[in-house]
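# Topology and contacts: notes
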Amino acid sequence: MTRNRFAGEPFMDDDDAIAKALADVSIPALMCSLVHMTGDPSFIRGDIRPRIAMSLDIQSGMPDDDRAEMRRRALPAIAAYRDKGCEPVDLPTDVLQEMMAFLGCRPVEGRLAGLFFDDLQFEGGDSGAIAWGSEITGEQRVSTPVVVIGCGMGGILAGIRLSQAGLPFTIIDKNGGPGGTWWENRYPGARVDVGSHQYCFSFEPADHWSEYYCQQPELRAYFDTIVDRYGLRPHCRFGTTVTEAAWDEDRSLWRLALTGSDGAEDDLDARFVISAVGSLNLPRMPQIDGMDSFSGPSFHSARWPADLDISGSRFALIGAGASGFQIGPAIAPELERLTIFQRTAQWIIPNPLYHAAVPPGDEWALRHLPFYGRWYRFIMTFAGIAMGTEPYRIDPEHSDPTHRSINAANARRSEALLASMKSLVSERPDLLEKIVPDYPATGKRILQDDGTWLRCLQRPNVEIVRTAIERIDADGVVTKDGTHYPADVICYATGFRHNDFLASLRVTGRHGISLRDQWGDEPTAYLGITMPNFPNLFCVYGPGTNLAAGASLFYHAEFQVHYAIEVIHETLTSEARWSEVRPDAHEEYVDRYQSEIGQLVWSHPSIEHSHYKNGQGKVFTLSPWPLDLYWEWTRHVERADYVFG
């Protein structure tokens, strides 16, 4: 009998080694693991309980004395589990659901429970694995080539599912290997801002992360490993760009134009196309006079030169958002001078784990204790998912002359965040005006930190400049007040063309309709996945699906790929050659989307310079939906929403 892969590896560590490991573990996750080891739910039914469900606190607010007592109780139970051969007890659904409520500090029911059972996969399988491949005839397979554009998170997952379905497929990526944005963004300090143990496929968790918020090399290695584990590499064409996709009405096929890294051109037919090109991979360069006149190295953060030597240099960092605030602290110690030009101050959530290494005892527990890793993932995700989008809803009756809040709860959060930020610069009151945002908390991409960024700003060789840039000359940056800041190197950490979905290729659908023209600067798709006039084309990470709250994008990728594969399944079993979302279904969804996103903080008029917004200040990038609701919508295809032909 195959061992449940989430049951952990059997172990023979002695009691002293186990006791040492327990000093490092998440006690709430350990308590749930003990139920699996013993079959005894009393471990989660006593007075020692989590005090708060919070993704940034893996101890869930439990006092030190409670944690110490649970370690004492756990040691003999773990030793007994070891001595009996490390075989966990199968638990009934109601007990598992009770354990969710224990960790979540609230009942977990309905579709929220359904989402977590789907995600945690206690049975040890892959709940999203394709099981209908045998329904497809050999003739259908041959006539159903699928092309996936992009070999990042979404493209890799699409390849896994297509392989399970037995359909012929090719994954095309412009880069030299898999990983998407994590292949491209190699700047110093690059790391995730979502917990590592949820920033992975639900069916391929990793117990090897060296940090709670891992850095780019580990993520790139993770994607490499997954590509090889599922045998996807022979299906990949790296170093190849899709420049055009055009629908051939007569043949009901997509015709793709390709260009290799050597300039060689090629074409490829596909019955279905899954676009997994992402939306954070086209660098947005600023429009500043004199950029071409600079005499030293200058580049976007996503194009950091591999051989760049910055030691002892005067470095100008233009932009201090999600990338810039990682770059600054990573390079400051080796520079003569770091000048950071920041247009907008950022809200920062205090997170003591942000640069923390996963301690050896926690690594041991993740590898060996049954379902510990599953409950660890739950702790890291539950609070964000369960709160939904209500905390981000604008209260039209709420008044805040500072524009730092949109409802009463948001005001309290703003005050707490400001207090935390101010405490870290108490010895540099001159920085206060520069670091305090003037827009609602969570209204832009919020940053997480353990104090590293604000300590960096207080280094003697670092200066943050909030004055707008006038121009760039041969040896530095000139601001609008006439000040010249000398620089040997300029890095533009100025973000990406987030609103320009699929901008890397020309897409032409029925009747010669251009996707770019259909979208304009208001890109829309049904569930963020399908568009009228573009049959057999699916988006992963499409319009209106980025997550500014809730959980990692791996969740949406799994939901969207599942949905796309289900539409393909419906098309094939209907013996149709194409499927297309109905215009009325699309329009009804878009109306609901705009109504909902317009009521949330990211649309607030006080927020300027947001990559979430288009030129007219409207949001077409973010999801306004609670994650469990979107999961429910993407589980099954409503045939009435599609035309098959």
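Note that residues are indexed from 1 along each chain, following the sequence as it is written. Residues qualify for local features only when their pLDDT is at least 70, as the model is predicted, and side-chain atom pairs are given and counted only at 80 or more; totals for whole chains, interfaces and linings, by contrast, use all residues. The basis for every side-chain value is the complete set of non-hydrogen atoms in the structure, without hydrogens or water.

Going along the chain from the N terminus, every DSSP run of H or I of four or more residues is numbered as a helix, and every run of E of two or more is numbered as a strand. Along its length, the protein chain carries 19 helices and 21 strands. This radius of gyration counts C-alpha atoms alone. The globule rule is 2.2 Å times how many residues there are, raised to the power 0.38. A compact globule built from 645 residues would reach a C-alpha radius of gyration of about 26 Å, and the protein chain, at 26 Å, matches this within 12%. On the principal axes, the C-alpha backbone points of the protein chain span a range of 70 × 70 × 55 Å. Each residue gets one of three labels from its accessible area relative to the maximum for its type: buried under 20%, exposed over 50%, partly exposed in between, using a 1.4 Å probe on protein chains only. In the protein chain, buried positions account for 57% of the 645 residues. Partitioning the intrachain contacts of the protein chain with sequence separation of at least 6 by distance along the chain shows that 73% fall at a separation of at least 24. By the convention used here, residues are in contact when the closest approach between their heavy atoms is within 4.5 Å.

A separate point is the environment of Val-507. Mapping Val-507 onto the fold places it in strand β18 (residues 506–508). On the basis of relative accessibility, which here comes to 7%, the residue Val-507 falls in the buried class. Excluding its chain neighbours within four sequence positions, the residues that come into contact with Val-507 are Ala-245, Trp-254, Leu-502, Ile-513, Ser-514, Leu-515, Phe-534 and Leu-537.

Another point: the layout of surface pockets. Detection works on a 1 Å grid of protein atoms alone, calling trapped sets that fit a 1.4 Å probe cavities and calling open sets with protein on both sides within 12 Å along at least five of seven lines pockets, with lining residues defined by an atom within 4 Å of a point. Grid points are joined across faces, edges and corners, and a volume is the space filled by probe spheres set on the points. The calculated volume of the second largest pocket comes to roughly 460 Å³. Secondary structure elements with two or more residues in the lining of the second largest pocket: α9 (216–229), α11 (360–368) and α12 (372–386). For this classification, Asp, Glu, Lys and Arg are treated as charged, while Ala, Val, Leu, Ile, Met, Phe, Trp, Tyr, Cys and Pro are nonpolar and the rest, including Gly, are polar. By residue class, the composition of the lining of the second largest pocket is 10 nonpolar, five polar and eight charged.

A fitted line through C-alpha atoms serves as each axis, taken over the contacting stretch for helices, and the angle formed by two N-to-C directions is quoted from 0 to 180°. Contact pair helix α7 (residues 153–165) / α9: the axes reach a minimum separation of 10 Å and the direction vectors enclose 15°. With respect to α9, the axis of α7 lies roughly parallel. Crossing angle aside, the handedness with which α7 passes α9 is left-handed. Only Phe-223, Ile-226 and Val-227 of α9 make contact with α7, whose side of the interface consists of Met-153, Ile-156 and Ile-160. Tallied by class, the residues present in the contact of α7 with α9 amount to six nonpolar, no polar and no charged. Each angle gets one of four labels, with under 35 degrees taken as roughly parallel, over 145 as roughly antiparallel, 65 to 115 as roughly perpendicular, and the rest as oblique. Handedness of each helix crossing follows the sense of rotation of the near helix against the far helix: counterclockwise by less than a right angle gives left-handed, clockwise gives right-handed.

Attention now moves to the environment of Glu-632. Note on placement: Glu-632 falls in helix α19 (residues 627–635). Placed 448 residues apart in sequence, Glu-632 and Glu-184 show a C-alpha to C-alpha distance of 33 Å.

Where burial is concerned, most of strand β10 (residues 337–341) is hidden: four out of the five residues are buried. In this description, strands pair whenever DSSP reports at least two bridges between them. Here strand β9 (residues 314–318) runs beside β10; their pairing, made up of five bridges, is parallel. Directly across from Ala-316, in β10, lies its bridge partner Thr-339. We call a crossover right-handed when, viewed with both strands directed away from the observer, the connection leading from the first strand over the helix to the second proceeds clockwise. As a crossover connection, the stretch from β9 through helix α10 (residues 324–331) into β10 is right-handed. In this sheet, strand β13 (residues 462–465) lies alongside β10 in parallel orientation, the contact comprising four bridges. In the sheet register, Ile-340 faces β13, and the bridge partner there is Ile-464.

Interaxial distance between helix α2 (residues 27–38) and helix α3 (residues 64–83) falls to 10 Å at its minimum, and their mutual angle equals 30°. Taken together, the axes of α2 and α3 are roughly parallel relative to one another. As α2 runs across α3, the sense of the crossing is left-handed. Listed contacts from α3 to Ile-27, Leu-30, Met-31, Leu-34, Met-37 and Thr-38 of α2 are Arg-67, Met-70, Arg-71, Ala-74, Ala-77, Ile-78 and Tyr-81. Here the residues of the contact of α2 with α3 sort into 10 nonpolar, one polar and two charged.

Spatially, three strands are ordered β14-β15-β16 in an open sheet, and the strand pairing comes out antiparallel. In the strand order of this sheet, the two ends are held by β14 (469–473) and β16 (484–486), each with one partner. Sheet twist, expressed as the average angle between the axes of neighbouring strands with direction ignored, equals 20°. Note that β14 and strand β15 (residues 476–479) share four bridges and pair antiparallel. Within β15, the position partnered with Arg-471 by the bridge is Val-478.

The five strands are arranged β8-β17-β9-β10-β13 in an open sheet whose pairing can be described as parallel. The two strands at the open ends of the sheet, each matched to only one other strand, are β8 (298–300) and β13. Taking the axes of each pair of neighbouring strands and ignoring which way they run, one obtains an average angle of 15° across the sheet. Direction of pairing for β8 relative to strand β17 (residues 489–492): parallel, over a ladder of three bridges. Pairing of Phe-299 across the sheet is with Cys-491, part of β17. Strands in contact with α10 are β9, β10 and β17; relative to β9, the strand with the most contacts, it is inclined by about 165°.

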